[in-house]
Structures are given as C-alpha cells and as structure tokens.
Amino acid sequence: VKENGKNHYALFAPEMDPIAMQKLTIQHELRRALHNEEFRLHYQPQYDLASGQIVGLEALIRWQHPERGLVSPGEFIPAAEESGMIVPLGDWVIEEACRQNKQWQLAGLPRIPVSVNLSFRQFSHKNLKGKVAEVLAQTELEARFLELEITESMTMDVDRASLSLKELTDLGVNISIDDFGTGYSSFHYLKKLPIARLKIDRSFVRDIQQDPNDAAIVAAIIAMAHNLQLQVIAEGVETEDQVHFLRLHRCDEMQGYFGSPPLDSERAGRLLEQHLNR
Ligand code: C2E
Ligand code: CA
Ligand code: CA
Ligand code: CA
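Per an unreviewed UniProt entry, the chain goes by Bifunctional diguanylate cyclase/phosphodiesterase and derives from Cohnella yongneupensis.

A. Expanded view of the coordination of the calcium ion (ligand 3). D178 (OD), D179 (OD), E235 (OE) and E235 (OE) make up the full set of protein donors to the calcium ion (ligand 3), lying at 2.2 to 2.4 Å. Read in sequence order, the donor residues coordinating the calcium ion (ligand 3) give the pattern D-D-x55-E. Taken as a pair, the calcium ion (ligand 3) and the calcium ion (ligand 2) show a spacing of 3.9 Å, with D178 coordinating each metal. A residue is classified by how much of its surface remains accessible, and D178, at 9% relative accessible area, is buried. Taking the relative accessible area as the measure of exposure, D179 reaches 26% and is therefore partly exposed.

B. Spotlight on the coordination of the calcium ion (ligand 2). Taken together, the protein donors to the calcium ion (ligand 2) comprise E58 (OE), N117 (OD1), E149 (OE) and D178 (OD), at separations of 2.1 to 2.3 Å. Here the donor residues of the calcium ion (ligand 2) are spaced in sequence according to E-x58-N-x31-E-x28-D.

C. Seen up close, the packing of aromatic side chains. In the structure shown here, the tally under the stated rule is five aromatic pairs. Seen from their ring centres, F39 and W63 are 5.4 Å apart, and the 40° between their planes marks the pair as tilted. Of this pair, F39 sits in strand β1 (residues 39-48) while W63 sits in strand β2 (residues 54-65); the two residues are 24 residues apart in sequence, bridging distant segments of the chain. Grouping residues by exposure puts F39 and W63 together as buried. Geometrically, the ring pair formed by Y43 and W104 is edge-to-face, given 5.0 Å between the ring centres and 75° between the ring planes. Of this pair, Y43 sits in strand β1 while W104 sits in helix α3 (residues 86-106), and the two are 61 residues apart along the sequence.

D. Broad picture of helix α1 (residues 18-35). Between the first and last C-alpha of α1 there are 25 Å, a value that for 18 residues agrees with the 26 Å anticipated at 1.5 Å per step. With its phi angle positive at about 55°, E37 sits one or two positions after the end of α1.

E. Molecular detail of the pattern of salt bridges. Counted according to the given criterion, the structure contains 17 salt bridges. In this structure, the salt-bridge partner of E142 is R144, at a minimum N-O distance of 2.8 Å. Classification of E142 as partly exposed rests on a relative accessible area of 37%. Salt-bridge contacts for E149 lead to K199; the nearest nitrogen and oxygen are separated by 2.7 Å. Here E149 is found in strand β5 (residues 146-151), whereas its partner K199 is found in strand β7 (residues 197-200), with 50 residues between them in sequence. E149 gets classed as buried once you look at its relative accessible area, which sits at 1%. Residue classification places K199 among the buried positions, given a relative accessible area of 0%. Counted as one network, the salt bridges with shared partners bring together E58, E149, K199 and E235.

About the criteria used
Residues numbered from 1 in each chain as written. Chains lettered and ligands numbered in written order. Predicted model: local features only at pLDDT ≥ 70, side-chain atom pairs only at ≥ 80, totals over all residues. Heavy atoms only, no water. Donors = N, O, S within 2.8 Å, 3.2 Å for Na, K, Ca; no water. Buried < 20%, exposed > 50% of the residue type's maximum accessible area, 1.4 Å probe, protein only. Phe/Tyr/Trp six-rings, centres within 6.5 Å; stacked < 30°, edge-to-face > 60°. Helix = DSSP H or I, 4+ residues; strand = E, 2+ residues; numbered from the N terminus. Expected span 1.5 Å × (residues − 1). Salt bridge = Lys/Arg side-chain N within 4 Å of Asp/Glu carboxyl O.

Here's what the structure looks like:
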C-alpha cells in the first residue's frame, strides 16, 4: 500500500485485489452520480380494476448516466445495496417521490399515494422512521399519500419486522408486500404485520391464461388477502385476458404495461391531468 502523507493510504494502490477495487469504483460512481443529480424517478400508474381509475403510482428509479444513457435499477441497485450507497440513494428516492407527489397535489391533480421500494439495508437502518418523518414534514405531504414496499424476505424475523413496521405505520404511511408469492411465505406473519396490501408478483400473473397452477395461485392469493382484510394488486399485467381474469376474481387493482409503462415525471403528470378531465 502506497503511503500518502502521514496516516493516509492511496485507495487505488496497484496491489489491491481487482474485485475490491471494482467495488470501490462503483461506490464512488454512485456517490458522484447522486451528487450530480443523475438519478430520476419514473412513475407507473396503478389502476382500480372496477372503475379504471388511477389510484396510485409506483416510483421506479433510473440512472441518467452521462455516457451510458438511461440505466435501469437492475444494473445498479445490487451494487448500491452491497456498497451501502443504497441508504443515501434510498433517502433521495423517498424525498423526491414525496416532493413530486406534493407538487402534483398542489397543481390540483388527483391526490393519490406514491409507492417507494425499500431495500433491506434501508429497512434495517435505525433511522428510517426519522428520515420518513423528516421528509413528510419538509414536503408537507400527508403520510397517507406515501406507501412503502417491502419484500417477504425482509419479514423473516417477524417480531423485529413487526416493530419496525409499526413505527412507520404510526406515522400514517401504508406498507405493502412486493413480489408476493416469490419469497418466504408464512401466513402467520401476514396476520402479525401491519400491512395494507399485497402485490402479486408478475411471474404468477404472466401465465394466468395458460397455466392452471398459476391461475389457482393468483385466485388463492386474492381470496386470502381479502379474508385478511388486505388490498391486493396484480403486477405485470400486460393483456386484456389477464385483466378479465383478475376482475372475475375480484382483484382490487392492477399495474403493468396494459395500463401504462413507467413514465417520466412530465408524462406521468400529463397522464394524471388527462385522467382528471376524462
Ligand atoms: P419491482 O418493484 O417489482 O418493480 C416492477 C418492475 O416491473 C419495474 O421494473 C417495472 O418497469 C416492471 N414492469 C412493470 N409493468 C410490467 C409489465 O407489464 N411487464 C413486465 N415484464 N415488466 C413490468 P424496473 O423499473 O426495471 O425495476 C426493477 C426493480 O428494481 C424493481 O422491481 C425494484 O425491485 C427495484 N427498484 C426500482 N426502483 C427502486 C428504488 O427506488 N429503490 C429500490 N431499493 N429498488 C428499486
Ligand atoms: Ca415494487
Ligand atoms: Ca414487484
Ligand atoms: Ca422485484
């Protein structure tokens, strides 16, 4: 390791192993991008299946990279998770989603919740509640217009998850379980946790028409959710036939390309406006 002044060592010493070095580079890149405001949120509408109304928006992050163009979250969220950069990045997502939602509300657009994806590290972070409270106070967004999405794997330690979630729901935000059906599934925790809705993973929705097993699973999730007084939304809805099936089984809401792909904030705002005037 190269000595560089008294107690300082150069980060990119040639003898450092390449994987560790690559990680440092990614971390540095993400920090730089956050500082340079290269991240964007796109918003995908969620529709009420009975009325066709837009009842929510999911915020999905993108990286507007100066050379690589628009980079999707699958390409940098894992690195952000691993490097810990997901915490400041996730904080930015919460801030931006709340700010944008409040701005739409002030412009007279429909008052609907925006959903934000939480990563495991963010969820385990001791100051999540403080951060959420701070953002709500700063943006003056009512807590009921923010929803936080967690995945089943974050609820493995049900007692701990229950406490963390309770802190959040005490603020007035709603919690939903994302990608439902793909993770650790215990019906026990569904009763124990203060959650408002389930999002049926798109892998079950995709083949609803062709695969009787998937059809049975989706129908069962909807029925179970309703018995537990939870709302249920189907993800990845792409066809009219899927919509038909979901309506038949009284699913509450849908999200997917059939309704709309994720839209940049300008387009999402225009869609909300058209929706208001229809
Ligand atoms: P997700 O939370 O399950 O988000 C839904 C993904 O499905 C989005 O991909 C969306 O563009 C895509 N999608 C929506 N409708 C359809 C459809 O009809 N068909 C198909 N094939 N795909 C559809 P995206 O935006 O690339 O996000 C991928 C994942 O990255 C998300 O999955 C989420 O886990 C993660 N992610 C996105 N934004 C954030 C964020 O701000 N924070 C964290 N921690 N994770 C995020
Ligand atoms: Ca999600
Ligand atoms: Ca999902
Ligand atoms: Ca996912």
